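Read off the chains here:
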Amino acid sequence: MTAPGTRAEASAEDTDDLDVEEALALVRDAHREPRDDGPDDGTGRTSGPAAQPPGDRSAERHRATPWPHAREIAARAARSRARRAPVCVPLGDALGLALAAPLDALTDLPSFDTSAMDGWAVAGPGPWQVREEGVLAGHAQPEPLTDGEAVRIATGARIPADTTAVLRSEHGRIDAQGRLHTTREMLHGQDIRPRGQECRSGDQLLPVGTLVTPAVLGLAAAAGYDTVTVVPRPRVEVLVLGDELLTEGLPHDGLIRDALGPMLPPWLRALGADVVAVRRIGDDARALQKAVTRSAADLIVTTGGTASGPVDHVHPVLERVGAELLVDGVKVRPGHPMLLARTKDHQHLVGLPGNPLAAVSGLLTLAEPLLRTLAAHPAPEPYSLPLREAVQGHPHDTRLVPVVLRGDLAVPLHYNGPAMLRGIAAADALAVVRPGGARQGEETELLDLPWATAGMGVCFT
């Protein structure tokens with residue numbers, strides 16, 4: 001059901017620096033050519049030419065879209081069509097979202113002169129006579145001081161009028177007559193936070209597009225906000241295809257456990273999405289078409305059915321609903337038969353291969369950049385590390401290989417075939433191995449997994 005795809009895709013030279021509409025035209029018009037490789041065996045090798053019945057659609061394919069360009073097309077597709085209304089949410093619901101309006105200060109910060117330390121507020125030169133009552137945070141404006149007078153004060157308390165400085169507790173002593181002396185040289189204004197030191201009311205604190213982190217939430221609260229205006233989470237619906245899938249128990253009688261149903265929703269949430277539904281469609285073309293046409297999600301994610309087998313219904317359904325294929329196969333292993341389509345003006349569909357690691361490849365290749373753009377998140381800064389050992393490459397396609405990070409090296413993991421999850425379950429990242437492979441010690445681009453980074457918006461519930 002999930003053999004590598006055989007449909008038409010745009011070529012490397014054709015898709016370089018093209019916008020989405022140009023890429024679409026190439027997908028529609030590129031000439032067909034005979035299939036020249038067999039299924040990927042998980043090592044980057046192909047198993048040789050695959051015999052196909054006469055007239056079978058899988059006997060032909062377009063030239064696949066190169067992996068970097070497929071990611072660019074996915075990001076641009078969302079940017080060119082997404083017009084998502086901002087929403088106003090309580091601070092507690094804003095973590096990981098992007099600001100859709102500037103964060104302007106609603107008050108001066110601090111909003112009054114405050115003490116930066118526990119100690120004494122003093123007026124004039126010492127020694128000082130200490131008042132009996134103290135000044136605590138959260139209390140009303142205290143009485144002014146006169147020269148030669150001091151009063152106990154707590155951190156964050158309002159400074160009495162005519163205060164010269166705050167003398168820290170550890171820098172003062174009181175003599176037998178109850179007078180306060182300083183044990184250190186003291187400067188005028190010392191340890192006083194003046195009103196508006198951090199900002200004045202109306203100052204822009206953060207621009208549109210800022211990712212809401214815990215620190216941003218704290219700043220917003222300090223500046224007087226109860227809610228913030230943000231770009232909403234993209235809504236995603238997952239359609240799990242395949243009659244052979246079990247939801248519990250051991251595999252038996254040709255049936256296998258569904259790995260993608262449990263894996264994809266939390267992974268999509270970790271990418272910042274709001275997973276609104278997970279539906280099991282089986283291999284029912286009519287049910288798939290009904291689910292696609294009725295979905296109100298920003299992104300539909302399907303699992304399996306993207307090749308040309310007898311029960312691979314994704315392409316025919318997309319044709320029937322008038323979808324536009326933006327990416328139809330990618331030069332990447334595993335995950336070659338992934339696809340991206342525009343199903344409605346503000347809706348896209350990412351078709352993932354049915355093999356688990358191939359589906360992960362499709363998720364990070366097409367869904368991640370599209371979701372990132374929909375959520376107005378910045379693209380992560382690319383980075384690379386040397387490989388601790390050589391990785392065999394595919395002659396023409398990029399390979400995504402699970403790795404663990406050990407110091408300043410990336411260590412490739414075994415069990416990296418299309419149907420395997422053992423490697424990715426232990427991984428910190430995926431190494432992007434260019435066609436032809438990578439030598440030991442070669443600097444290789446890495447894709448972080450969302451739970452292996454300190455990025456915001458990682459939510460699994």
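For the structure, check the block above.
Before going into details, it helps to say that this report is about the structure given with it. None of the values given here were measured: they were computed from a predicted structure.

**Some points on helix H6 (residues 285-294)**
Among all positions in H6, only Ala285, Leu288, Ala291 and Val292 are buried. Down the axis, H6 shows its buried residues gathered within 125° of arc, on one side only. Seen from the buried face of H6, the exposed residues on the opposite side, beyond 90 degrees, are Arg286 and Arg294. Buried residues along H6 sit in contact with strand S17 (235-241), strand S20 (274-282), strand S21 (299-303), helix H7 (314-320), strand S24 (339-344) and strand S25 (347-352). Taking the backbone nitrogen of Arg286 as reference, a side-chain oxygen 3.0 Å away marks Asp284 as the first, capping residue of H6.

**Topic: the packing of helix H5 (residues 260-270) against helix H8 (residues 356-374)**
Where H5 meets H8, the closest approach of the two axes is 12 Å, and the angle between their N-to-C directions is 25°. Considering their axes alone, H5 and H8 lie roughly parallel with respect to each other. The handedness of the crossing between H5 and H8 comes out as right-handed. Contacts between H5 and H8 involve Leu260, Met263, Leu264, Trp267 and Leu268 from the first element and Pro356, Ala359, Val360, Leu363, Leu364 and Leu371 from the second.

**Concerning unusual backbone geometry**
For the bond from Gly126 to Pro127, the omega torsion is -5°, close enough to zero to count as cis. Going from Arg333 to Pro334, the amide bond is cis rather than trans, its omega being -5°. Mapped onto the elements, Pro334 comes out in the loop between strand S23 (330-333) and S24. Positive phi is not limited to glycine here, since Asp162 has a value of about 70°. Within the secondary structure layout, Asp162 lies in the loop between strand S10 (149-153) and strand S11 (165-168). Judged by its relative accessible area of 58%, Asp162 falls in the exposed class. In this model, Tyr415 sits at a positive phi of 55°, which is unusual for a non-glycine residue. Among the structural elements, Tyr415 can be located in the loop between strand S28 (409-412) and helix H9 (422-426).

**Here we look at the nonpolar core**
Formed by 47 residues in total, the largest nonpolar core has its most connected members in Leu264, Trp267, Leu268 and Leu340. The element contributing the most residues to this core is H8, with ten residues. Core analysis: the next-biggest nonpolar cluster, separate from the first, contains 19 residues, Leu103, Val216, Leu219 and Val230 among them.

**Observations concerning the packing of aromatic side chains**
For the coordinates displayed, the defined rule picks out one aromatic pair. Here the guanidinium or amino end of Arg158 rests over the ring plane of Phe112, the centre of that ring lying 4.7 Å away. The ring of Tyr415 has Arg422 lying over it, and the distance from NZ or CZ to the ring centre is 4.0 Å.

Calculation rules
- Residues numbered from 1 in each chain as written.
- Predicted model: local features only at pLDDT ≥ 70, side-chain atom pairs only at ≥ 80, totals over all residues.
- Heavy atoms only, no water.
- Buried < 20%, exposed > 50% of the residue type's maximum accessible area, 1.4 Å probe, protein only.
- Helix = DSSP H or I, 4+ residues; strand = E, 2+ residues; numbered from the N terminus.
- Arc of directions from axis to C-beta.
- Contact = heavy atoms within 4.5 Å.
- Polar contact = N/O pair within 3.5 Å; in protein donor to acceptor, adjacent residues only side chain to side chain.
- Axes fitted to C-alpha atoms, helices over the stretch in contact; angles between N-to-C directions.
- Parallel < 35°, antiparallel > 145°, perpendicular 65-115°, else oblique.
- Left-handed = near helix turned anticlockwise from the far one by under 90°.
- Core = buried A, V, L, I, M, F, W, Y, C linked by side-chain atoms within 4.5 Å.
- Phe/Tyr/Trp six-rings, centres within 6.5 Å; stacked < 30°, edge-to-face > 60°.
- Lys NZ or Arg CZ within 6 Å of the ring centre and 35° of its normal.

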